[in-house]
Amino acid sequence: MAPYSSPALNVMVAAARKAGRPLIRDFNELENLQISMKGPADFVTSADKRTEKILIEELSRARPGYGFLGEEGGVLKGADASHRFIIDPIDGTTNFMHGIPHFAISIGLEREGQLVAGVVFNPVTDDLYTAEKGHGAYHNNKRLRVAARKELAPAVIATGLPFLGKDGHARAAAEMAEVMNVTAGIRRFGAASLDLAYVAAGRFDGFWERSLQAWDIAAGIVLVREAGGMVSDLNGGADMLGSGTVLASNEYLQPQILKLLKGIKG
Ligand code: IPD
Ligand code: CA
Ligand code: CA
């Protein structure tokens, strides 16, 4: 089935594909990259900056006036206050740096403060995930649907973990102890946008993480919702972008995982 496509989605996909091409070359020649250290275990490469620049150039050419929130450049106000692209040029930078082909360009579109479209694109594997509000979620040409499992026992749940220099290590360990005890297993793949895409695709039954930024999850939230899933923050509310916490799953498991995680003292 051809994926649903709108002018807005076409623009986002075209920008992601254009920015993805030099990223594939960089990935294949990692040793030639200039690497600067922004903080412990937080590598920012020239590839991040260039990718965000290409995305902003392409998106603003097609949609002049729209604002931006980008990981590298922060807030760019546009003349059109009702639209904003939320972009992570490389989600999964640590994987990228280590030659692990599991990272993505993530572009979300907000209209009047509501997330309405999302594109998550892994240029190396050529996996394209797209969704627009009210029109379903797709992986390349395939319509996506979240997993149907109702029980935690057979469920595979993904998470993201803090690393050197980040807070929340003890809490993350306590949460994993609870979840690993009642499920078929936990996965930590290292790119929140793809974790959400995998929930949308029914590969993961659920995903939770704390200490995220809006650009990690904006596009993925649209994917999960449009694949029939449920997304909340870790208080059970809808402030994922503001709180930086997320829990995505299907309608059966989402409340069960939320209850489990809420029972843990942080
Ligand atoms: C990171 C990835 C990772 C998540 C971190 C994010 P980055 O984004 O999404 O999976 O655990 O919290 O910061 O730094 O690779 O863009
Ligand atoms: Ca990220
Ligand atoms: Ca990033």
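## Description of the packing of aromatic side chains
Per the stated rule, a full pass over the model turns up eight aromatic pairs. With a centroid separation of 4.9 Å and 85 degrees between ring planes, the pair formed by Phe96 and Phe103 is classed as edge-to-face. In terms of burial, Phe96 and Phe103 fall into one category: buried. Here Phe189 and Tyr198 contribute two aromatic rings whose centre-to-centre distance is 6.1 Å and whose plane-to-plane angle is 80 degrees, an arrangement assigned as edge-to-face. Overall, Tyr198 belongs to the buried group, its relative accessible area being 16%.

## Observations regarding the coordination of the calcium ion (ligand 2)
Coordination of the calcium ion (ligand 2) by the protein comes from Asp88 (OD), Asp91 (OD) and Asp216 (OD), over a distance range of 2.1 to 2.3 Å. All donors of the calcium ion (ligand 2) belong to a single chain; written as a sequence motif, their spacing is D-x2-D-x124-D. Between the calcium ion (ligand 2) and the calcium ion (ligand 3), both coordinated by Asp88, there is a metal-metal distance of 3.7 Å. Placement of the pair is Asp88 in strand β5 (residues 80-91) and Asp216 in helix α6 (residues 214-226), with a sequence separation of 128 residues.

## Details of the pattern of salt bridges
Inspection of the entire model under this criterion finds nine salt bridges. Across the salt bridge formed by Arg17 and Asp126, the nearest N and O atoms sit 3.2 Å from each other. Of this pair, Arg17 sits in helix α1 (residues 7-28) while Asp126 is found in the loop between β7 (114-122) and β8 (127-132), placing the two residues 109 residues apart along the sequence. With relative accessibility at 32%, the residue Arg17 sits in the partly exposed group. Asp126 sits in the partly exposed class, given a relative accessible area of 41%. Salt bridges linked by common partners bring Lys18, Glu58 and Arg61 together as one network.

## Overview of the sheet that holds strand β9 (residues 137-139)
Sheet architecture is open: eight strands sit in the order β4-β3-β5-β6-β7-β8-β9-β10, paired in mixed fashion. Each end of this open sheet is capped by a strand with a single partner; those strands are β4 (74-76) and β10 (142-143). Relative to β10, β9 runs antiparallel, the two being bridged by two bridges. Opposite Tyr138, over in β10, you have Arg143 as the bridge partner. Set on the sheet, α1 makes contact with β5, β6 (104-111), β7 and β8; between it and β7 the angle comes to about 30 degrees. Each of β3 (66-70), β4, β5 and β6 touches helix α2 (residues 46-62); the most contacted strand, β5, lies at about 150 degrees to it.

## Some details on the sheet that holds strand β13 (residues 206-209)
The strand order across the open sheet built from five strands is β12-β11-β13-β15-β14, with neighbouring strands paired in mixed fashion. On the outer flanks of this sheet lie β12 (185-187) and β14 (230-232), each paired with one strand and no other. The sheet shows a mean angle of 15 degrees between the axes of neighbouring strands, direction not considered. The pairing of β13 with strand β15 (residues 246-249) spans four bridges and is classified as antiparallel. Bridge pairing links Gly206 to Ser249 in β15. Running over the sheet, helix α5 (residues 192-200) touches β11 (156-159), β13 and β15 and is turned about 155 degrees from β13.

## Structural notes on the site of ligand 1
Asp91, Gly92, Thr93, Arg188 and Glu209 are the nearest of the 13 residues found near ligand 1. In this structure, an oxygen atom belonging to ligand 1 sits 3.4 Å away from a side-chain N or O atom of Glu71. A distance of 2.7 Å separates an oxygen atom of ligand 1 from a polar atom in the backbone of Gly92. Here ligand 1 has 380 Å² of accessible area as a free molecule, and 87% of this is covered by the chains.

## Quick notes on the domain arrangement of the protein
Many structure descriptions define interface size as the accessible area lost when the parts assemble. In terms of domains, the protein is made up of domain 1 (7-143) and domain 2 (156-262). Between domain 1 and domain 2, the C-alpha centre-to-centre distance is 20 Å. Taken residue by residue, the interface counts 35 residues in domain 1 and 24 residues in domain 2. Where domain 1 abuts domain 2, roughly 2200 Å² becomes buried across the two surfaces, and 68% of that area is made up of carbon and sulfur atoms. The largest per-residue losses of area from domain 1 upon contact with domain 2 belong to His102, Leu115 and Tyr129, which jointly make up 28% of the total buried on that side. Counting across the domain 1 and domain 2 interface gives seven residue pairs in polar contact (both at pLDDT 80 or more). At the level of elements, β3, β5, β6, β7, β8 and β9 are the ones that each hand at least two residues to the side of domain 1 that touches domain 2. Counting residues per element, the side of domain 1 that touches domain 2 draws most heavily on β7, at seven residues. Of the residues contributing to the side of domain 1 that touches domain 2, the split by class is 16 nonpolar, 13 polar and six charged.

What counts, and where the lines are drawn
- Each chain carries its own residue numbering, running from 1 in the written order of its sequence.
- Lettering for chains starts from A, numbering for ligands starts from 1, and both go in the order in which the items are written.
- Thresholds applied to this predicted model are a pLDDT of at least 70 for local features of residues and 80 or more for the giving and counting of side-chain atom pairs; totals over whole chains, interfaces and linings are not thresholded and use all residues.
- Excluded from the side-chain calculations are hydrogens and water; all other atoms, namely the structure's heavy atoms, are used.
- Pairing of aromatic rings covers Phe, Tyr and the six-membered ring of Trp, with a centre-to-centre limit of 6.5 Å; geometry is then stacked below 30 degrees between planes, edge-to-face above 60, and tilted otherwise.
- A 1.4 Å probe rolled over the protein chains alone gives each residue an accessible area, and that area as a share of the maximum for its type sets the label: buried under 20%, exposed over 50%, partly exposed in between.
- As a rule, N, O and S atoms within 2.8 Å of a metal are its donors, except that Na, K and Ca use 3.2 Å; water is not among the atoms, so sites may look incomplete.
- What counts as a helix is a DSSP run of H or I of at least four residues, what counts as a strand is a run of E of at least two, and both are numbered from the N terminus.
- For this document, the term salt bridge refers to a Lys or Arg side-chain nitrogen within 4 Å of an Asp or Glu carboxyl oxygen.
- Two strands qualify as a pair provided that DSSP identifies no fewer than 2 bridges between them.
- Pairs of residues are marked as contacts when any of their non-hydrogen atoms sit within 4.5 Å.
- Simply put, an axis is a line fit to the C-alpha atoms, just over the touching stretch for a helix, and the angle between two N-to-C directions goes from 0 to 180 degrees.
- A molecule or strand has a residue near it when one of that residue's heavy atoms lies within 4 Å.
- By the criterion applied in these results, polar contacts are pairs of N or O atoms within 3.5 Å in which, for protein atoms, one can donate a hydrogen and the other can accept it, and in which residues neighboring in sequence qualify only through two side-chain atoms.
- Note on areas: these come from Shrake-Rupley sampling with a 1.4 Å probe, and a residue is covered only by the protein chains present in the view.
- What marks off one domain from the next here is an automatic or database domain assignment.
- Buried area: the sum, over both parts, of the accessible surface (1.4 Å probe) that disappears when the two are put together.
- Under the scheme applied, nonpolar residues are Ala, Val, Leu, Ile, Met, Phe, Trp, Tyr, Cys and Pro; charged residues are Asp, Glu, Lys and Arg; polar residues are all the others, including Gly.

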